[in-house]
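Breakdown of the fold
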Amino acid sequence: MAFTQAQFIRGMNYSLETFEKKEPIDQINPKYRMLAWLIANKEETVFGNGVFREPLFVDNGSNAQNYFGADQVTYNERDPAVWTRWQYYNVHDGFWFDEDRLLAAGIRISDDGDEAPTQSEKTSLINLLKQSKRGLDKGMQRHLAFEFMLDGSQSAKAAPGVSHIISTTPAVGTVGGVNAATRPYWRNNINLNVPQSGLVDAFEDTWSDNTRYGGAVTDAIFAGDQMYNAFRKAANAVTSRHVNEGGNNRGGVSLDPSTNNLYFHGVEVIKDPTFEELDAELGGDTFSKRAYFVSKANLKLRPVKGEWMRNRKPERLPDRYVHYWAKTAKYGLTTDQRNGLAVVTLA
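Thresholds applied
- Residues numbered from 1 in each chain as written.
- Predicted model: local features only at pLDDT ≥ 70, side-chain atom pairs only at ≥ 80, totals over all residues.
- Heavy atoms only, no water.
- Helix = DSSP H or I, 4+ residues; strand = E, 2+ residues; numbered from the N terminus.
- Buried < 20%, exposed > 50% of the residue type's maximum accessible area, 1.4 Å probe, protein only.
- Contact = heavy atoms within 4.5 Å.
- Axes fitted to C-alpha atoms, helices over the stretch in contact; angles between N-to-C directions.
- Parallel < 35°, antiparallel > 145°, perpendicular 65-115°, else oblique.
- Nonpolar A, V, L, I, M, F, W, Y, C, P; charged D, E, K, R; others polar.
- Core = buried A, V, L, I, M, F, W, Y, C linked by side-chain atoms within 4.5 Å.
- pLDDT = per-residue confidence, 0-100.
- Patch = residues over 30% accessible without salt bridge, like charges linked within 9 Å, V, L, I, M, F, W, Y side chains within 5 Å.
- Areas by Shrake-Rupley, 256 points an atom, 1.4 Å probe, with all protein chains shown as cover.
- Salt bridge = Lys/Arg side-chain N within 4 Å of Asp/Glu carboxyl O.
- Pairing = 2+ DSSP bridges.
- Phe/Tyr/Trp six-rings, centres within 6.5 Å; stacked < 30°, edge-to-face > 60°.
- Lys NZ or Arg CZ within 6 Å of the ring centre and 35° of its normal.

A few words now on the overall build of the protein chain. Within the protein chain, the regular secondary structure consists of eight helices and 18 strands. In the protein chain, which comprises 347 residues, the share counted as buried stands at 44%. Counted over contacts in the protein chain with a minimum sequence separation of 6, partners at least 24 positions apart contribute 77%.

See the structure below:
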């Protein structure tokens, strides 16, 4: 027997939805650590007329004055807000099967309306989908992990990512529609080319800078491999630790020189291999030497409402016996307080 066109499409869509429930896109491969964090804290947003805007409180406009008795006082007009402007971006990934590939996999498509697929054909379809969907999801994840880290200069259609919002040259350029060159408050904090011996102090200064203007406390620190290892060594130089485990009862103390996790002010310093993958792709060791101080209140992934990881089924073209499936997303990265975010780089 065989699948009819309608049965095949229903079977594909049902199987994709079933796999989506079992292995949803949000369950990111752990190596894309910053991507996983962004998705876990995403906030669906309506981009009215294609943009998302929010006010920044930038000027008290104070007109305070001392007076006594019948002294004349003055009033002023205030406009204490500047509006940010963020647009959304699109990503697509998809796959197709031509009828000869399906036939080679034991799946036949019939144009008749009265046939039914065999159990063998159903099993073959599921096995083929498992491989294709895994590739679709992993490819989408890798693309987004890279895009969300880069500054958007790789393509006019790519979202400006973390290294645009948290720049190593924060006084240069326009971010979210606000010119950082003329707005000192709209600059992220930096601590660049820090030697290993100075990393603990640099982290301390950065932590303080991020909360100077009432910003949310840093709740995640993502680091490349070189930065992570250098900070571990710097931390070891100022920290003495031992593991007792009943050592005194055995006549001494047992020692363990390994490190399970690194923390700073109780916040885990997370080694993200995405940084090394990017360096391998671009050449050099730029990201491997960086650490980003972020908070989920100040850095947001904003999917367009109803448009996050949407399954698509384009119509089959009349001049090709090919079936298409895809996944798309619409999103933007935003911040409402650049001076609550920071990057530290290793010398």
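This part takes up the packing of helix α4 (residues 119–149) against helix α8 (residues 274–282). Across the interface, α4 lies against α8 with an axial gap of 10 Å and an inter-helix angle of 85 degrees. As judged from the angle between their axes, α4 and α8 are roughly perpendicular. Side by side, α4 and α8 meet where R142, A145, F146 and M149 of the first sit next to T274, F275, E277, L278 and E281 of the second. Of the residues assigned to the contact of α4 with α8, the class counts are five nonpolar, one polar and three charged.

Counting residues in each nonpolar core, the largest one holds 46 residues, and the members touching the most others are L144, Y292, V294, L299 and Y331. The dominant element in this core, judged by the number of residues it contributes, is α4, at six residues. One finds A230, F231, L262 and F264 within the second-largest nonpolar core, a separate group that totals 21 residues.

Of all residues in the protein chain, 82% attain a pLDDT of 70 or more, and the chain-wide mean is 84. A low-confidence stretch, residues 21–28 stays under pLDDT 50, and its non-local contacts, those more than four residues away or across chains, total 17 contacts.

The subject of this paragraph is unusual backbone geometry. The backbone phi angle of N193 is positive, close to 55 degrees, even though this residue is not glycine. Position of N193 relative to the elements: it lies in strand β10 (residues 189–194). The phi dihedral of M309 falls on the positive side, at around 50 degrees, and the residue is not glycine. You can see M309 is positioned in the loop between β15 (299–303) and β16 (310–312). A residue is classified by how much of its surface remains accessible, and M309, at 8% relative accessible area, is buried.

Looking now at a nonpolar patch on the surface. A contiguous nonpolar patch, built from Y67, V73 and Y75 and spanning about 400 Å² of accessible area, is present on the exposed surface. Along the chain, Y75 turns up in the loop between β3 (55–57) and β4 (81–83).

Strand order in this open sheet of six strands is β10-β18-β14-β11-β13-β12, and the pairing throughout is mixed. Looking along the sheet, the strands with just one partner apiece sit at the ends: β10 and β12 (262–264). Direction aside, neighbouring strands of the sheet carry axes that sit 20 degrees apart on average. Bridge analysis of strand β14 (residues 290–294) against strand β18 (residues 342–346) gives four bridges, and the strand direction is antiparallel. Looking at β18, one finds that R290 is bridged to T345. Lying over the sheet, helix α6 (residues 199–210) contacts β10, β11 (220–223), β12, β13 (267–271), β14 and β18, oriented at roughly 170 degrees with respect to β10.

Our focus in this paragraph is the packing of aromatic side chains. For the coordinates displayed, the defined rule picks out 15 aromatic pairs. Put simply, the rings of F203, W207, F231, F264 and F293 pair up and form one aromatic cluster. Sitting over the ring of F287, R290 keeps its end group 4.7 Å from the ring centre. Lying across the ring of W325, K313 places its NZ or CZ 4.8 Å from the centre.

Turning to helix α2 (residues 33–40), its buried residues are M34, L35, W37, L38 and I39. Buried-residue contacts for α2 involve α4, α5 (162–165), β11, β14, β15 and β17 (322–335).

Once that is clear, we can look at the pattern of salt bridges. Inspection of every chain in the model, using the stated rule, returns twelve salt bridges. For the salt bridge of E277 with K31, the shortest nitrogen-to-oxygen distance reads 3.1 Å. Note that E277 is positioned in helix α8 and K31 in the loop between α1 (5–22) and α2, a separation of 246 residues in sequence. Linking D285 and K289 is a salt bridge whose minimum nitrogen-to-oxygen distance equals 3.5 Å. Take D285: its relative accessible area is 32%, and that puts it in the partly exposed class.

Next up on the list: the pairing of β18. The buried count for β18 comes to five of five residues, which makes it a mostly enclosed element. Residues of β18 alternate between two faces, with A342, V344 and L346 on one and V343 and T345 on the opposite face, all of them buried. Where β10 lies against β18, four bridges are found, and the strand directions are parallel. Paired with V194 across the bridge in β18 is L346.

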